[in-house]
Amino acid sequence: MSLTRLVLRFAAPLPKLERFERYLFVGPHPDDIEIGAGATAAKLADAGKAVCFLICTDGRYGTDHAPAGLAGDRLAAVRRKEAEASAALLGVKDLRFLPFSDGGFYELEALKAGIAGVIADFKPDVIFAPDPCVTSECHTDHLNAGEAVRRLACFAPNPGIMGAMGLPAVRLQALAYYMTAKPNQFVNTTGYLSRQLHSIYDCHKSQFPARDAVATYLKLRAADFGLRALCPCAEGFRVLGQTQMHCLPEAGA
């Protein structure tokens, strides 16, 4: 570790995720939040925190495992109901949807504007989103959702910039990337892995008709992150506070 990074670790510590009250989870598709951070979302909801799920696209092209003939508007309607059932299972009562099709059939600025409106209305302390800087990620919707949140996170507290969009400023405290290759903070989710798996396999049946390699991966990931956090199960996130979001390249190392 460089001397600069070592000093910054103490001079500008990362925000502790669980100490806040309001959490917005942004998902590219109806099942991504559950896969990337479902156990953490359930833990926060059980703790009485205000938790909101925002689903960016309708998932109409997620047909790899959908029943034959279920596609387009019909699949989008099914996936919306699946998302509602999953959020309820995780204890999340505030679930919102943006009116975009998956597959990248939208403009990034329109997606950014939709997310900005929810940020202004919900006023989160922390936003969870997929990490758009993962070099192996190729899915347009994942990249776009993460990039839109990244562009908004630094400016959310700025009254002038938010005002230019016709929105009030929000005192956002932290950004937490899930599905990241560089986690720097872990949430102890012991006791929540089972509910996370139920939210995926019992609710998102059009995408996961039976337990598959995703379940094995999530169990392995929970154990791996748990070892790093000195607990049985954990989820890992790349956390940035407002200090780390601007002109501090060491925060991304």
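Refer to the structure above for everything that follows.
These notes cover the structure that comes with them. (Residues numbered from 1 in each chain as written. Predicted model: local features only at pLDDT ≥ 70, side-chain atom pairs only at ≥ 80, totals over all residues. Heavy atoms only, no water.)

**Focus: the pattern of salt bridges**
Part 1: Inspection of the entire model under this criterion finds 16 salt bridges.
Part 2: Notably, a salt bridge pairs Arg-195 with Asp-46, separated by 2.5 Å at the nearest N-O pair. Within this pair, whereas Arg-195 is found in helix H7 (residues 193–201), its partner Asp-46 is found in helix H2 (residues 32–46), the two being separated by 149 residues in sequence.
Part 3: Given a relative accessible area of 23%, Arg-195 falls into the partly exposed group.
Part 4: Each of the salt bridges in this network shares a partner with another, and the network as a whole consists of Glu-109, Lys-112, Glu-147, Arg-150 and Arg-151. (Salt bridge = Lys/Arg side-chain N within 4 Å of Asp/Glu carboxyl O. Helix = DSSP H or I, 4+ residues; strand = E, 2+ residues; numbered from the N terminus. Buried < 20%, exposed > 50% of the residue type's maximum accessible area, 1.4 Å probe, protein only.)

**Details of the pairing of strand S5 (residues 174–178)**
Part 1: Of all 5 residues making up S5, 5 are buried, and the element is well covered by its neighbours.
Part 2: Side chains of S5 alternate between two faces, with Ala-174, Ala-176 and Tyr-178 and Leu-175 and Tyr-177 buried alike.
Part 3: One ladder, built from 4 bridges, connects S5 with strand S7 (residues 234–241); its direction is antiparallel. Looking across to S7, one finds that Tyr-177 is bridged to Arg-238. (Pairing = 2+ DSSP bridges.)

**Looking at the nonpolar core**
Part 1: Within the largest apolar cluster, 28 residues are counted, with the highest numbers of intra-cluster contacts made by Leu-24, Val-26, Leu-111, Ile-115 and Ile-127.
Part 2: In terms of residue count, the dominant contributor to this core is helix H4 (residues 108–122) (6 residues).
Part 3: Residue contacts for Val-26: discarding those within four places in its chain leaves Ile-33, Leu-54, Cys-56, Ile-115, Ile-127, Phe-128, Ala-129, Pro-130, Val-149 and Tyr-178.
Part 4: By size, the runner-up hydrophobic cluster in this structure holds 26 residues, among which are Val-92, Ala-174, Val-187 and Val-239. (Core = buried A, V, L, I, M, F, W, Y, C linked by side-chain atoms within 4.5 Å. Contact = heavy atoms within 4.5 Å.)

**Considerations on a nonpolar patch on the surface**
Part 1: A contiguous nonpolar surface patch, about 450 Å² in accessible area, is contributed by Leu-3, Leu-6, Val-7 and Phe-10.
Part 2: Relative to the helices and strands, Leu-6 resides in helix H1 (residues 3–11). (Patch = residues over 30% accessible without salt bridge, like charges linked within 9 Å, V, L, I, M, F, W, Y side chains within 5 Å. Areas by Shrake-Rupley, 256 points an atom, 1.4 Å probe, with all protein chains shown as cover.)

**Looking at unusual backbone geometry**
Leaving glycine out, the prevailing phi sign among residues is negative, and the prevailing peptide bond configuration is trans.
Part 1: Not every positive phi belongs to a glycine, and Lys-123 is a case in point at roughly 60°.
Part 2: Within the secondary structure layout, Lys-123 lies in the loop between H4 and strand S4 (126–130).
Part 3: Take Lys-123: its relative accessible area is 42%, and that puts it in the partly exposed class.
Part 4: Phi angles above zero are rare outside glycine, and Leu-230 is one such case at about 60°.
Part 5: The class for Leu-230 is exposed, based on a relative accessible area of 79%.

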